[in-house]
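Residues per chain, in single letters:
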Amino acid sequence: MAKNPCIAEASQALGRELTDDEAISLFEEVQDRVKQAANEAGPYDEAIRRSKERMIAEKKTAAFIEKRNAYLQFKLRNEALDFVRTQFPNDPALGIESLLVGVNRDRMGSRFSAAAISQAIFSKYASGLMTELQTNNLQSILSSGEFDRELTRALYAVNRKQELPYNGPKKVLDAARIIKKYQELMRHDYNVSGANIDQLEGYIIRQSHDSEKMLKAGQEAWIDSILPKLDLDRTFEGAKPREVLAKIYDNLISGNHLKTSENVTGFKGGTANLGKRASQDRVLHFKDADSWFDYNSQFGIGTISEGVLRQMHVTAQNVGLMRVLGPNPKDNFNRLTGMIANTLKGEARRKFDESIGVQGFLTNRLAEIDGTTRIPVNNILANVSSGVRNTQTMADLGAALFASVTDISSIMTELRYQGFDMFDGVTESISGLAKGRNAQEMVEIDAAIGVVFPSMIGEMHGRFMAQDSTPGMMSKAMQLFFKYNGMSWWTETLKATFSRMTSHLAALNKGKAFSELNPDTQRVYGLYGIDAEKWDMFRQTAAKGADGREYLLPNKIADLPDQVFAAYLTKRKINPSDTAIAELKREVEMQWRTYFTDRAGYAVLEPDARTNSIMNQGHKPGTVMGELSKFFWQYKSFGVVYVQKVIGREIYGRGSDTFKQALKNGNGEMTGLMQTIIWSTILGYGAMNAKAILAGKEPRKPEDAAGYLKLVRAAMLQGGGAGIYGDFLFGEMKSRYGAGPLETFLGPTFSNLSSLTDIYSRALNGDDVAGSTLKFVINNIPGNNIWWAKTALDYGVTYRLQEAMNPGYLKRMETRVKKEQDQSFIFPPSQVIK
């Protein structure tokens, strides 16, 4: 196309010819800028000049960012390729899986994955924010929700280059400044990873849009509601407001705003560019804080607290992925796998191609960590299904605290794997539980390590229902449920205790060179890319906690002298520039943070990205297969995590690639496996008896060898995380829902549907179903089996109602329990209830 002087000058400034699309876009942009400049003041020619200067400066910046990101793509792709070829030469697919979600192989950096980095980054954000709020007695300002409007106003005032006056409560202003600090940290992390995000004047939090509420209102009503709240000049820039909003409405209700565009420029391949997406300006600009708040209340999702944490999750997810695969992760994934595929032949090539195909396991792993599997296809189906599962959880897991006794065995075997005394796990865990969470006393140590308390961020359900969203009132209900059944206290205390313990044990070794550490300790540090020199850096970070102990703290890496890092770079023939030193500091700090957060997930078992990928298989929420999959896997994630993390760690985590090889290696695999089984079985037996006593039953007393075998198998399954599903592995008994092994295997919801169908069928045949119906209703009331109230409720209310509606029921129940479970009641209900 013919050039005009402005386009020619822009081409010269960029150092290359503009494409036709860029030239058209530039021409249109110039017209808008000229109009904008003319409205400001001064002669028309001066307006053109100012507009042109601004545009050329912006284009130069864009060209620099493009070149920088191309360099990051190239650098990280080569590092990834080198990692796969050197660490996994015989199994490149496993090497790529290691990059994405981590694997249990004794390879340098095999656990320093995009998923683990993302979790460590989120822990850094969340623990830092909560710690600062808690230290200043401001936590309720964010968490309670009652200050949300004032907090919106304060954020609108402080999120500027020059703060605006704010006349509200000082404590709200102080909380807003702390939140802004972490918003700026997130913006900084995005930018150093490949984005280019400017500070947005008057920013509050990332705007959310509830498509259900929007659909219910309808397009015209939505437009009528939002239009008076918007800054028309900033939002529309001369375009027709209602036409623009109609397109935005269609985009929002379709969920497209949650998806990364496939049509980007700057990189070949047409794949999702997280750096560019993160850099895009928002479309909707509200004219003031109250307008933003009113819209969020009417059409948004959740509270300010939920919005801040949601933004932390998304940022951590994206930044973690960008740090491993660059600003355009999917493009680098495609290029990396393509380069590797071209080196393979025959069966090896077929298997590799299968792993990166549409349903391939590597494709599913990437979908899990880039957020694809968390984007609902049908919001209504996803929310209803999630609500059913959440309600079911609150009806079933009232005694989950006692089933979690087996966490002690996980802590013991994890410490042994790391080269520490496993019995320290028992003493420290019991001591930690006796003291409680010690949040105030050890708050700074916890923040430095990256300890996050799930109850503070509404994520306690993650141990039981991985990746199931719980917004709004349901989230609060779940938080209260896990608080009152003791799981919040138990999980948070053990995680904090374990993380502090490993930090303290590291501090006890600070006088040792890397080569003097226990070989197992060296090996585990190496899983996160930590070598002797990075250990030497870390052992300089010792600090005393309020308990008088010394700890090594990742956040103090940044305080070490630059010379420490310059020497490391010089040794590797890298110019020790300020940028290179800053990048190395970030890397070392993140490696240690990732070590603490990742290993805590092995000690107090919880699903990670690899677990979720195995269960989700790439299916999205709001699809039939996606929801059926979540229903099927409900409560089973413990078993998957146990096999993946504990058993997998013991078999593959000391240098073996196969179970057969582990039998021959003699590196401690079999000893570790046997100790894991023994301790989990012992504690599983304890958990079984604790639950039995709570239910008013005597501990199991087998009468023959077959009975003892059944008991040992049941204890092994309980200790291995099988939970209620372990009862049916050998087809020995029916579930407490009244359904058989198949229905219970399919999940509690399927079991309930089976029970309902049975009740309905019997009612049609004229049978008396009052007792069965009552039992079904009681079993599905949230909180019905909370451990500290269940026995009193059973003997005081439930048993009486069941016997009254179905005479002889209690005696039959006692007979069935004796036959199926080899157990008797301490106080037989049939004798107590007269």
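Residues numbered from 1 in each chain as written. Predicted model: local features only at pLDDT ≥ 70, side-chain atom pairs only at ≥ 80, totals over all residues. Heavy atoms only, no water.

### Topic: the nonpolar core
Then, number 1: Formed by 88 residues in total, the largest nonpolar core has its most connected members in I96, L129, L151, W222, L245, M312 and I369.
Then, number 2: A total of 11 residues in this core trace back to one element, the largest contributor, which is helix α5 (residues 114-135).
Then, number 3: Non-local contacts of L129, meaning those with residues more than four positions away in its chain, are made with L142, I178, I179, Y182, V308 and M312. (Core = buried A, V, L, I, M, F, W, Y, C linked by side-chain atoms within 4.5 Å. Buried < 20%, exposed > 50% of the residue type's maximum accessible area, 1.4 Å probe, protein only. Helix = DSSP H or I, 4+ residues; strand = E, 2+ residues; numbered from the N terminus. Contact = heavy atoms within 4.5 Å.)

### What to know about the packing of aromatic side chains
Then, number 1: Enumeration according to the criterion identifies 21 aromatic pairs in this entry.
Then, number 2: Note on F402 and W787: the rings are 5.1 Å apart at their centroids and 80 degrees apart in plane angle, and the pair reads as edge-to-face. You can see F402 sitting in helix α20 (residues 400-403) and its partner W787 sitting in helix α40 (residues 787-805), a full 385 residues away along the chain.
Then, number 3: A ring pair is formed by F538 and F596, whose centres lie 6.3 Å apart and whose planes are at 55 degrees; its orientation type is tilted. Pair noted here: F538 is in helix α28 (residues 532-538) and F596 is in helix α30 (residues 578-603), with a separation of 58 residues, a long-range link.
Then, number 4: Assessed through its relative accessible area of 0%, F538 is described here as buried.
Then, number 5: Overall, the relative accessible area of 2% leaves F596 in the buried class.
Then, number 6: Aromatic ring contacts, followed pair by pair, group Y525, Y528, W535, F538, W592, Y595 and F596 into a single cluster.
Then, number 7: Directly above the aromatic system of Y156 lies the positively charged group of R160, at a separation of 4.6 Å from the ring centroid.
Then, number 8: Here K645 stacks its cationic end above the ring of Y602, 5.2 Å away from the centre of that ring. (Phe/Tyr/Trp six-rings, centres within 6.5 Å; stacked < 30°, edge-to-face > 60°. Lys NZ or Arg CZ within 6 Å of the ring centre and 35° of its normal.)

### Side note on unusual backbone geometry
Then, number 1: We note that N137 has phi near 55 degrees; this positive angle belongs to a residue other than glycine.
Then, number 2: You will see that Q617, though not glycine, has its phi angle at about 55 degrees, which is positive.
Then, number 3: Turning to its location among the elements, Q617 is positioned in the loop between α31 (609-616) and α32 (624-633).
Then, number 4: Using a relative accessible area of 36% as the deciding quantity, one classes Q617 as partly exposed.

### A word on the packing of helix α21 (residues 407-417) against helix α22 (residues 423-435)
Then, number 1: The contact between α21 and α22 brings their axes to 7 Å, and the two run at 135 degrees. Put simply, α21 runs oblique to α22. The handedness of the crossing between α21 and α22 comes out as right-handed. Contacts between α21 and α22 involve I408, I411, M412 and L415 from the first element and F423, D424, G425, V426 and S429 from the second. (Axes fitted to C-alpha atoms, helices over the stretch in contact; angles between N-to-C directions. Parallel < 35°, antiparallel > 145°, perpendicular 65-115°, else oblique. Left-handed = near helix turned anticlockwise from the far one by under 90°.)

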